[in-house]
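Here are the chains, one letter per residue:
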There are 2 protein chains.
Amino acid sequence: MHAHFDAAPWHPANHVALSPLSFLKRAETVYAQRPATTCDGISRSWSEIGTRCRAVAAALSARGIGLGDTVSVLAPNGPELFELHYAVPLLGAVLNTVNTRLEAETIAYILDHADAVLVIVDPALLPLLDQAFAHLGRRLPVLGLDSYEALAAHPPMGWALPADEGQALALNYTSGTSGRPKGVIYHHRGAYLMAMGTVAGWSLPQHPTYLSVVPMFHCNGWNHPWAMAVVGGHMIFLREVTPATLLGAIARHGVSHFGAAPIVLQMLCEEAAAPFATPVKVLTAGAPPPPSVLEKAARLNMEVMQVYGLTETYGHISQCLWQEAWEALSPEGRADHQARQGLAFPMAEEIRVLDRSSGQDVPQDGLTQGEIAVRGNTVMKGYYKDPASTSEAFQDGWFWSGDAAVVHPDGYIQIRDRLKDVIISGGENISSVEVEAALYRHPAIQTAAVVARPHARWGESPCAFIELRDGMATSEAEIIAFCRDRIAHFKAPKTVIFGPLPKTATGKIQKYLLRQAARALGEQT
Amino acid sequence: MHAHFDAAPWHPANHVALSPLSFLKRAETVYAQRPATTCDGISRSWSEIGTRCRAVAAALSARGIGLGDTVSVLAPNGPELFELHYAVPLLGAVLNTVNTRLEAETIAYILDHADAVLVIVDPALLPLLDQAFAHLGRRLPVLGLDSYEALAAHPPMGWALPADEGQALALNYTSGTSGRPKGVIYHHRGAYLMAMGTVAGWSLPQHPTYLSVVPMFHCNGWNHPWAMAVVGGHMIFLREVTPATLLGAIARHGVSHFGAAPIVLQMLCEEAAAPFATPVKVLTAGAPPPPSVLEKAARLNMEVMQVYGLTETYGHISQCLWQEAWEALSPEGRADHQARQGLAFPMAEEIRVLDRSSGQDVPQDGLTQGEIAVRGNTVMKGYYKDPASTSEAFQDGWFWSGDAAVVHPDGYIQIRDRLKDVIISGGENISSVEVEAALYRHPAIQTAAVVARPHARWGESPCAFIELRDGMATSEAEIIAFCRDRIAHFKAPKTVIFGPLPKTATGKIQKYLLRQAARALGEQT
């Protein structure tokens, strides 16, 4: 390199740590009079939010919170939790949002593992926290949200950025479907780029009206609390979240954007009486939405974009970008395309589907499965106090997702399964997700889950567990025939069991219990 | 800090150098079949552009170009120059786009100072380049754009990112209104963030149709060639740029976005016969647009946003964000607000107006002048081989713009003048820009420039130089009275001179010549 280009060192004027704090610092001035939050009829401007966040930070600092301290929060979405997304990192402290639906024992494990120095709690969740402390055998300092306004009345401190953009910002525990939850460390650089990339990838305009549905204890609400400050968005919070209150808020506030799990989308679709007056842009993730839900959402004037990501990737890193050619397809054909996880968001450097043994990309044939591997600045720093799991996740220059996927000829990736959920029958991989999508098209089916059952000849065969809608009836033979009409015969369930499905506190189906149940059925012949 | 948070080092999977190269690498797949460029009836997709850029890079590499080498380009906007914005940096080389309107002597100075190892030239500009070589006393290796397609046919190389995101990306020379041009070093990190911030701040949707008007030798076309890859935009290039061809292209291609200097906007407004069918979003910068131009543009269905920046800040860093309250204002009142330079873009960390002696912010009174000081990741690395100028520009943690401005009560900044263009009369600062804006409202005035003339009592007084429109006539007394009706009496010109104004090769009025002329008039009494 020509030596002259290297001569100039960085200077404070041309190198500033990337941090989402900068977005609120700017919004406080640029969007000063615009609404930032509304909840319970109380609206606050970006100027007020900026002052309040700096006040809360100062109040926490006065309580001794500082650089590298973990502040845990056990609360549902609300303006207070939103503000803590800025107030805690402003101190250099680390925000640990805890899933309020977890059982007390797991909460105890998280608070202990996270080295929480303070737990901020919604008063309604104090009994749960007390149970967690009982499991823990000790109490931690607690601050009830009922005294939050006293923090917000503290004289505010000024803005300060981290000295190092790699500084820890948040600590988010995985759902722990296969063991103890792991603590995923987010850093300031990653959250800055996640917010910018979300604005670009979701085409967020100035001043979107955003309905807060995604729990902030999931990937900090997919990092949207930070993205909203970039564009001066207006965040609508509901204290009581039901399909009816969500629909009411969308209409009343003119909501333009929200993110939600497919199950929430499904409930909204079932509750809605008429299409929305103006298009509502929706990101959905967490599981591939059943095509039937996508079809219904389109009729209700929702522009749904399926996205994909993990806690370890700050939320969504791929997006199913709409293609004009799809407009010529049938509603069902469109929905099939929209159920794919798509292509990289702008801030995601690389998302590839690799054969792990060879390290090579799988062919773009929509058939060959590989593992999704990710590289980019919105990948976690690592797992907290867990170097073994960190090393296992980071290998050969990639973060390995553990998700099995195919790549279609147009480059769109599609999740087939968590690797451990793949059913291997006669040497063929069967995606439980694909079988479930076929099942969800059946009008009598409320919930479906497919796992492997031992099979004498094929090794494994698909076994479906099904919850029917109220008042509906069908039979095993009819379900099997229904699937064989829609997917390859070898993929159709060979066993169908009706009854309620076991679910976690967060509503995820506990497939490991179903796998046990399928094994208990014995080998099929 | 809690030691555990520091334990995890960066990993190749979670720390990738920020570089605009990543945008094309992604666009090549994500927007594969979407149009990227159109010129002379030839359209190319993002997939083709990706391949071509990698091919051109490989061809240049075969010619020995590599890390830290300066590649100068003397060419007007076109798809080739656009592609070189990716091909040259892919080699780790540095792109030096040279203003094609400069005189040969200055081009010789730039090529020499930049240590150019290759000059890529449009064949039509070969005579100019030969003159430059004559001034230089030596010839440099030359590659004519007429052989560009041979480069694009080379077997392409693969993508590679810089090892260090601070690596030099481009070298852009200032216009040199006050001495020799200075070489401004852009780095990969800055251009990445400039592109992301432009998408967020200008609310660029997916697939804008962008008309290339801003010369790419000005701040790399305000970094738009990199921003377009983020959103899969379609760039329209014209070989012949006139108001008529621009208007034709806007209608024919359905242009949704462009950037242009106020003088170009003015010419379009004068040429346009009817409003555009759909809104066209326009960024304008380089000089405050006269309110009369903003009024006309609005009637033509152009949504004009005034932005502000310098070569040293990669182009625009502040934006005059539209406020809903302005809709209630008269067209003139709206235009007055739109002529302000506004508030920080999302990627600009801080733009402040400071009293340089005290380092304090000026009051937000719309009256008190200070100097615009900037801090952020889109500030140049420094001036090439000019540590003295670099140190002078970077002081006390700021980049000092040399621009005098005020801050309005709503926080919007407004440029009053280049510091050296301020007229100090009776101890009061008079902004030459403010006086010029008043003059531009006069129907007979085509061009106006105001400078200081020595004054016996007040020290200095405003002296106006005016070009009249064809066939129009007025008088010094009428002009002075016209201004006194619109601005404070002490700000109105005390001298008015009619005649053609001296301009640089790039069309900028040469105020230093007018200052000489005003001084030559002698002291006013």
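About the cut-offs
- The numbers attached to residues start from 1 for each chain and follow its sequence in the written order.
- Naming scheme: in the order in which they are written, chains are lettered from A and ligands are numbered from 1.
- Totals for whole chains, interfaces and linings use all residues, but because this is a predicted model, local features are given only for residues with pLDDT of at least 70 and pairs of side-chain atoms are given and counted only at 80 or more.
- Labels follow the DSSP assignment, with helices taken as runs of H or I lasting at least four residues and strands as runs of E lasting at least two, numbered in each case from the N terminus.
- In this description the radius of gyration comes from C-alpha coordinates, and the expected globular size is given by 2.2 Å times residues to the power 0.38.
- Counting other C-beta atoms within 10 Å of each residue's C-beta, where C-beta atoms are placed from the backbone, gives the exposure class: buried for 20 or more, exposed for 12 or fewer, partly exposed between.
- By the convention adopted here, residues make contact when the C-beta atoms placed from their backbones lie within 7 Å.
- By this definition, two strands are paired if DSSP reports at least two bridges between them.
- Least squares is the method for superposing the copies, and the C-alpha atoms it fits come from residues with pLDDT of at least 70 in both.
- For the purposes of this analysis, a nonpolar core is taken to be any set of buried Ala, Val, Leu, Ile, Met, Phe, Trp, Tyr and Cys residues that are connected through C-beta atoms within 7 Å.
- The split of the chain into domains comes from an automatic or database domain assignment.
- All axes here are fitted lines through C-alpha atoms, helices being fitted over the stretch that makes contact, and every angle between N-to-C directions spans 0 to 180 degrees.
- The cut-offs work like this: below 35 degrees is roughly parallel, past 145 is roughly antiparallel, 65 to 115 is roughly perpendicular, and the gaps in between are oblique.
- Crossing handedness is defined as follows: a turn of the near helix away from the far one that is anticlockwise and smaller than a right angle gives a left-handed crossing, while the clockwise case is right-handed.

K.L.:
Looking at this structure, I do not really get the overall build of chain A. What am I missing?
P.N.:
When helices and strands are counted, chain A shows 18 helices and 26 strands. Against the globule reference of 24 Å for 525 residues, chain A gives a C-alpha radius of gyration of 24 Å, in line with a compact fold. If one aligns the C-alpha atoms of chain A with their principal axes, the spans along those axes are about 70 × 65 × 55 Å. Looking at the 525 residues of chain A, the share that counts as buried comes to 53%. Considering only contacts within chain A whose residues lie at least 6 apart along the sequence, 69% involve residues at least 24 apart.

K.L.:
Just to check I follow, could you spell out the interface of chain A and chain B for this structure?
P.N.:
Much of the literature gives interface size as the accessible area that the parts lose upon coming together. If you look at the interface, chain A gives 54 residues, while chain B gives 54 residues. Among the elements of the structure, helix 1 (3-6), helix 2 (21-30), helix 8 (188-201), helix 10 (224-231), strand 15 (343-344), strand 17 (370-375) and strand 20 (398-407) of chain A are those that each provide at least two residues to the side of chain A that touches chain B. In terms of residue count, the dominant contributor to the side of chain A that touches chain B is helix 2 of chain A (4 residues).

K.L.:
So what exactly am I meant to see when it comes to the pairing of strand 17 of chain A here?
P.N.:
Remark: a regular strand shows side chains that alternate across the two faces of the sheet. All names here are of chain A. Within strand 17, 5 of the 6 residues are buried, which leaves the element mostly enclosed by the surrounding structure. Sheet analysis places strand 16 (residues 350-354) next to strand 17, joined by 5 bridges and oriented antiparallel. Note that in strand 17 the partner of Leu 354 across the bridge is Glu 371. As paired elements, strand 17 and strand 20 share 4 bridges and run antiparallel to each other. The residue of strand 20 that forms the bridge with Glu 371 is Ala 404.

K.L.:
Mind showing me how you'd approach the relation of the copies chain A and chain B here?
P.N.:
The operation relating the pair of chain copies consists of a rotation about an axis and a translation along that axis. Take chain A, turn it by 180 degrees, move it 0.0 Å along the axis, and it overlays chain B with an RMSD of 0.1 Å. This pairing of chains is accounted for by a two-fold axis. Same-surface contact between copies: 100% of interface residues of chain A are shared with the interface of chain B.

K.L.:
What should I look at first to understand the nonpolar core in this one?
P.N.:
Grouped burial of nonpolar side chains is what soluble globular proteins tend to show. Ranked by size, the top nonpolar core spans 330 residues in total, and within it Val199(A) and Val199(B) carry the most contacts. Of the domains in this structure, domain 1 (16-157 + 165-190) and domain 2 (422-520) of chain B are the two that each give at least three residues to this core.

K.L.:
Where do I start with the sheet that holds strand 12 (residues 280-284) of chain B in this structure?
P.N.:
Two pairing modes exist for strands in a sheet, parallel and antiparallel, and in both the strands are linked by backbone hydrogen bonds. Residue and element names in this part refer to chain B. Taken in spatial order, the 9 strands of this open sheet run 2-1-10-9-11-12-13-14-15, and their pairing is mixed. Strands at the two margins of the open sheet, each flanked by one partner only, are strand 2 (42-45) and strand 15 (343-344). Bridge count for strand 9 (residues 209-211) against strand 11 (residues 257-260) is 2 bridges, and the pairing is parallel. By the bridge assignment for strand 11, Leu 211 is matched with Phe 258.

K.L.:
Would you take a moment to explain the pairing of strand 10 (residues 234-237) of chain A for this structure?
P.N.:
Residue and element names in this part refer to chain A. The side-chain alternation of strand 10 yields two buried faces, one formed by His 234 and Ile 236 and the other by Met 235 and Phe 237. The pairing of strand 9 (residues 209-211) with strand 10 spans 3 bridges and is parallel. Bridge pairing links Tyr 210 to Met 235 in strand 10.

K.L.:
How should the environment of Asp470(B) be read in this particular structure?
P.N.:
Note on placement: Asp470(B) falls in the loop between strand 25 (459-468) and helix 17 (476-484). Distance from Asp470(B) to Ala444(B), taken between C-alpha atoms, is 8.5 Å for residues 26 residues apart in sequence.

K.L.:
Mind showing me how you'd approach the environment of Leu18(A) here?
P.N.:
All names here are of chain A. By secondary structure assignment, the location of Leu 18 is in the loop between helix 1 and helix 2. Residue Leu 18 is classed as buried on the basis of its 26 C-beta neighbours within 10 Å. For the pair formed by Leu 18 and Leu 91, sequence separation is 73 residues and the distance between their alpha carbons is 16 Å. Residues in contact with Leu 18, not counting those within four places in the same chain, are Glu 165, His 188, Arg 189, Tyr 192 and Leu 193.

K.L.:
Can you help me understand the environment of Ala114(B) in this one?
P.N.:
Residues and elements named next belong to chain B. Examined against the element boundaries, Ala 114 turns out to sit in the loop between helix 5 (104-113) and strand 5 (116-121). Residue classification places Ala 114 among the buried residues on the basis of 24 C-beta atoms within 10 Å. Along the chain, Ala 114 and Asn 172 lie 58 residues apart, while their C-alpha atoms are 9.4 Å from each other. The residues touching Ala 114, leaving out its near neighbours within four places in the chain, are Thr 70, Ser 72, Asn 96, Leu 171, Gly 183 and Tyr 384.

K.L.:
Mind showing me how you'd approach unusual backbone geometry here?
P.N.:
A negative phi angle is the norm for most residues apart from glycine, just as the trans form is the norm for most peptide bonds. At Asn301(A), a position not held by glycine, the phi torsion is positive, near 75 degrees. In this structure, Asn301(A) sits in the loop between helix 13 (291-299) and strand 13 (302-310). Of note in this structure, Asp40(B) is not a glycine but carries a positive phi near 55 degrees. For Asp40(B), the location among the structural elements is in the loop between strand 1 (35-39) and strand 2.

K.L.:
Would you mind going over the packing of helix 8 of chain A against helix 8 (residues 188-201) of chain B with me for this structure?
P.N.:
When two helices pack together, their arrangement is given by the angle between the helix axes and the distance between those axes. Two elements in contact, helix 8 of chain A and helix 8 of chain B, have axes whose closest approach is 9 Å; the angle formed by their N-to-C orientations is 50 degrees. The angle between helix 8 of chain A and helix 8 of chain B falls in the class oblique. In the packing of helix 8 of chain A onto helix 8 of chain B, the handedness of the crossing is left-handed. Contact residues: Met196(A), Val199(A) and Ala200(A) in helix 8 of chain A; Met196(B), Val199(B) and Ala200(B) in helix 8 of chain B.

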